[in-house]
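Structural overview for review
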Amino acid sequence: IMEAVQTYGRKKNATAVAYVKRGKGMIRINGHPLELLEPEILRFKVYEAILIVGEDKFAGLDIRIRVKGGGHTSQVYAIRQSIAKGVVAFYQKYIDEASKKEIKDLLVAYDRTLLVADPRRCEPKKFGGPGARARFQKSYR
C-alpha cells in the first residue's frame, strides 16, 4: 500500500505542490535537490520548515515538489508552506494525531504562514494614475 499525501502551498501567484511519501529523507524541488535551490539567501527559508520540526521527522519521508508561477521569493514561500503542510498531513493520516499536533504547534508558534496561506494579492491599476493608488501629479500651469 502506497502511503502518500499531496499538499500545496501558495504565495501570490506561485503554487507549489508537494508529494510526501515514505522514503529515506529525499527532498526534491522540480527534480533538483534542495541544496541547489536558488536564490541561495532564501534557501534557509525552506530549511526553516524542516529544522523547526526536527530533521529526524523527515528521515523517513521523501518529498517531491513541483512549483510554478510567481517570482523567486514567492516560490520559496510556496515551497516552505507545501513542505510544512505536507508533513502535518502525512503525520495526521499515517502516524498519529498527537505527533501531528506537536508538529503543527511548533510550526504555527514559529511562523503562521508556514501553514496558513497569505491572502494578499496585487491590486489592479486604475486610470488617472500610474498605479493602484498613486495619482498623476497635477500642475496648475
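We now turn to the structure provided with this report. Values in this document were obtained by computation on a predicted structure and should not be read as measured data.

1. Here's the deal with the overall build of the chain
- Looking only at helices and strands, one finds three helices and five strands in the chain.
- By the compact-globule yardstick of 14 Å for 141 residues, the chain is too spread out, its C-alpha radius of gyration being 19 Å.
- Overall, the chain is about 75 × 30 × 25 Å in size when its C-alpha atoms are taken along their principal axes.
- Residue burial in the chain is summarised as follows: out of 141 residues, 37% are buried.

2. Side note on unusual backbone geometry
- A cis amide bond links E38 to the next residue, P39, at an omega of -15 degrees.
- Note on placement: P39 falls in the loop between β4 (32-33) and α1 (43-53).
- Residues other than glycine seldom take positive phi values, yet K12 does so here, at roughly 50 degrees.
- By the element assignment, K12 lies in the loop between β1 (4-11) and β2 (14-22).
- The exposure class assigned to K12 is exposed, which follows from its relative accessible area of 51%.

3. Points about the pairing of β2
- Here β1 runs beside β2; their pairing, made up of eight bridges, is antiparallel. Looking across to β2, one finds that K11 is bridged to A14.
- Remark: two residues form the turn of the hairpin made by β1 and β2, two consecutive strands paired antiparallel; K12 in that turn has positive phi of roughly 50 degrees.
- Pairing between β2 and strand β5 (residues 61-68): eight bridges, direction antiparallel. In the sheet register, Y19 faces β5, and the bridge partner there is R64.

4. Description of the layout of surface pockets
- A volume near 200 Å³ is recorded for the largest pocket.
- Together, 13 residues line the largest pocket, and G25, I27, L34, E35 and I50 are the ones closest to its centre.
- Contributions of two or more residues to the lining of the largest pocket are made by β3 (27-29) and α1.
- No other element matches α1, which puts three residues into the lining of the largest pocket.
- Class assignment of the residues belonging to the lining of the largest pocket gives a composition of nine nonpolar, one polar and three charged.
- Of the voids in this model, the second largest pocket is the one considered here, and its volume is about 160 Å³.

5. Section: the packing of α1 against helix α3 (residues 97-110)
- Where α1 meets α3, the axes come as close as 9 Å, and the angle between the chain directions of the two elements is 130 degrees. Of the possible angle classes, the one that applies to α1 and α3 is oblique. The chirality of how α1 crosses α3 is right-handed. On the side of α1, the interface is formed by E48, A49, I52 and V53, while α3 contributes I103, L106, L107 and Y110.

6. Regarding the nonpolar core
- If you look at the biggest cluster of nonpolar residues, it comprises 32 residues, and the most contacted ones within it are F58, I63, I65, I79, I83 and L107.
- Every element with two or more residues in this core is listed here: β2, β3, α1, β5, α2 (72-94) and α3.
- Per-element tally for this core: the top contributor is α2, with nine residues.

7. Side note on the packing of aromatic side chains
- Here the structure, examined in full by the defined rule, presents two aromatic pairs.
- Note on F44 and Y47: the rings are 5.6 Å apart at their centroids and 55 degrees apart in plane angle, and the pair reads as tilted. Note that F44 and Y47 are positioned in helix α1 at a spacing of three residues, about one turn of the helix.
- Under the relative-accessibility criterion, Y47 is labelled partly exposed at 21%.
- Both rings, one in F90 and one in Y94, keep their centres 5.0 Å apart while their planes meet at 55 degrees; by these two values the pair is tilted. With a gap of four residues between them, F90 and Y94 both fall in helix α2, about one helical turn apart.
- Since its relative accessible area comes to 0%, F90 is described here as buried.

Thresholds applied
- Residues numbered from 1 in each chain as written.
- Predicted model: local features only at pLDDT ≥ 70, side-chain atom pairs only at ≥ 80, totals over all residues.
- Heavy atoms only, no water.
- Helix = DSSP H or I, 4+ residues; strand = E, 2+ residues; numbered from the N terminus.
- Rg over C-alpha atoms; globule rule 2.2 N^0.38 Å.
- Buried < 20%, exposed > 50% of the residue type's maximum accessible area, 1.4 Å probe, protein only.
- Pairing = 2+ DSSP bridges.
- 1 Å grid on protein atoms, 1.4 Å probe; cavity = no way out; pocket = protein on both sides within 12 Å on 5 of 7 lines; lining within 4 Å.
- Points joined across faces, edges and corners; volume = space filled by probe spheres on them.
- Nonpolar A, V, L, I, M, F, W, Y, C, P; charged D, E, K, R; others polar.
- Axes fitted to C-alpha atoms, helices over the stretch in contact; angles between N-to-C directions.
- Parallel < 35°, antiparallel > 145°, perpendicular 65-115°, else oblique.
- Left-handed = near helix turned anticlockwise from the far one by under 90°.
- Contact = heavy atoms within 4.5 Å.
- Core = buried A, V, L, I, M, F, W, Y, C linked by side-chain atoms within 4.5 Å.
- Phe/Tyr/Trp six-rings, centres within 6.5 Å; stacked < 30°, edge-to-face > 60°.

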